[in-house]
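Each chain, written out:
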Amino acid sequence: MKLSIEKITYSINSKLIVDGVDLGVEEGTFVGLVGPNGCGKSTLLKNIYKVYTPDSGKVYIDGKDMSELSSRETALEMSVMQQENVVEFDMSVYDMVMLGRFAHQKMFGNDMARERQIVADAIDEVGLSGYEQRSFLSLSGGEKQRTLVARALVQQAQLIILDEPTNHLDIGYQYQIMTILKNQGLTVFSSIHDLNIAACYCDKIVLMKAGKIVDIGTPWEVLIPERIKELFGVDAQITVNEVTNRPNIMFTPADSFNWR
C-alpha cells in the first residue's frame, strides 16, 4: 500500500500552513514525520485523511485519488489514529474497537462470529484481554491509546496514519504502543514528537519546518546535530544505541544553564 502526496498546499485564514509538500511512503515502511510545534505536521496529516481539503495538490493510495473515494472506501484503504480523540459518550472497550469494523458492515450477514474474533484478536494484540466490558472513559491514558490502536487495527487497512500516538504517555506505554504498530508489518506514516522513538522505530524520517519538507532519509542520515539545531534550536550529541544499533540522541543544555 503506497501513499503518494503531490504538491499539497493548505492555508488557514490566508496563512500558508502546508507549502507544496511532495512525499512518497513506500509499501511496508514505517515513516516518521518530525518537526517543531506549529510546523504543519498535524495539518498535513489532516489533509491526507480528509479532515481538511487541500487548497491544491492530491493524495493517492496505490494510484487512487483519495478525494474521489467515499468515507467507507477511504476507511478500507486507510486507518487513522488522531491526536485528539474526543469521545462524546461512553462505551465499552469492546464496542469502541468494534467501531473500526464499520467499513466492513456490509459483509456482516451471518458472519458475526468472524467479526467478533477479529475484534477479540486485536484487543489481545494490544494487551487488553479482560478489559472488553470496561468503560472506555474509566481507562488510563495508556489503556485508551491501546484501545484506539486496536480500533485502527481491526479496519484491516494496509496503511495507518497516526498523529503523535504516544503523546502524553509515560515511557513504558510509548515504547509498547510503537512496538505493537511496528510488529504489524503495515505501511505506517506517523508524526512523532520524541526523536529517540523516531530513531528507534522508523525506516525513514521526514523533517518538516515552516510547512515544508527540509529533509528525508534514514535516522542516521537526518537525525544529525546540524539538523536538530536547525529545527529545534538545541545542541545534541549522537551516539549508537548498542541494543538497536540506531542513533541515540543526547540533548545539551544551553551554555547559560547554571549547573550546581
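Thresholds applied
Residues numbered from 1 in each chain as written. Predicted model: local features only at pLDDT ≥ 70, side-chain atom pairs only at ≥ 80, totals over all residues. Heavy atoms only, no water. Helix = DSSP H or I, 4+ residues; strand = E, 2+ residues; numbered from the N terminus. Phe/Tyr/Trp six-rings, centres within 6.5 Å; stacked < 30°, edge-to-face > 60°. Lys NZ or Arg CZ within 6 Å of the ring centre and 35° of its normal. Buried < 20%, exposed > 50% of the residue type's maximum accessible area, 1.4 Å probe, protein only. Pairing = 2+ DSSP bridges.

Colleague: Sorry if this is basic, but what is going on with the environment of glutamine 105 here?
Modeller: Mapping glutamine 105 onto the fold places it in the loop between α3 (93–98) and α4 (112–125). A C-alpha to C-alpha distance of 9.8 Å links glutamine 105 and arginine 72, two positions 33 residues apart in sequence.

Colleague: What am I meant to see in the packing of aromatic side chains here?
Modeller: For any two aromatic rings, the description comes down to two numbers: the centre-to-centre distance and the angle of the planes. Overall, the coordinates contain 2 aromatic pairs when judged by the stated rule. For the ring pair tyrosine 10 and tyrosine 52, a centre distance of 4.7 Å and an interplane angle of 5° mean the geometry is stacked. On the criterion of sequence distance, the pair formed by tyrosine 10 in strand β1 (residues 3–12) and tyrosine 52 in the loop between α1 (41–48) and β4 (56–61) is long-range, its members being 42 residues apart. Where tyrosine 175 meets tyrosine 201, the ring centres are 5.9 Å apart and the plane angle is 50°; that geometry is what we call tilted. Here tyrosine 201 lies in helix α7 (residues 195–201) and tyrosine 175 lies in helix α6 (residues 171–182), a separation of 26 residues in the sequence. Note that lysine 144 overlies the ring of phenylalanine 136, its terminal NZ or CZ placed 6.0 Å from the centroid.

Colleague: What exactly am I supposed to notice about the pairing of strand β7 (residues 159–163) here?
Modeller: Every other side chain in a regular strand lies on the same face of the sheet, so the side chains alternate between the two faces. The buried fraction of β7 is high, at 5 of 5 residues. Of the two faces of β7, the one holding Leu159, Ile161 and Asp163 and the one holding Ile160 and Leu162 are both buried throughout. Sheet topology note: the strand β6 (residues 78–81)/β7 ladder contains 4 bridges and is parallel. Following the sheet pairing, serine 79 is matched in β7 by isoleucine 160. Of the pairings in the sheet, the one linking β7 to strand β8 (residues 187–191) comprises 5 bridges and is parallel in character.

Colleague: Sorry if this is basic, but what is going on with the pairing of strand β3 (residues 30–34) here?
Modeller: Burial analysis of β3 places 5 of its 5 residues in the buried class, which makes it a mostly covered element. Alternating residues of β3 divide into Phe30, Gly32 and Val34 and Val31 and Leu33, and every residue in both groups is buried. In the sheet, β3 pairs with β8 via 4 bridges, with the strands oriented parallel. Bridge pairing links valine 31 to phenylalanine 189 in β8. Where β3 meets strand β9 (residues 204–209), 4 bridges bridge the pair, whose relative direction is parallel. When the sheet's bridge partners are listed, leucine 33 is paired in β9 with valine 206.

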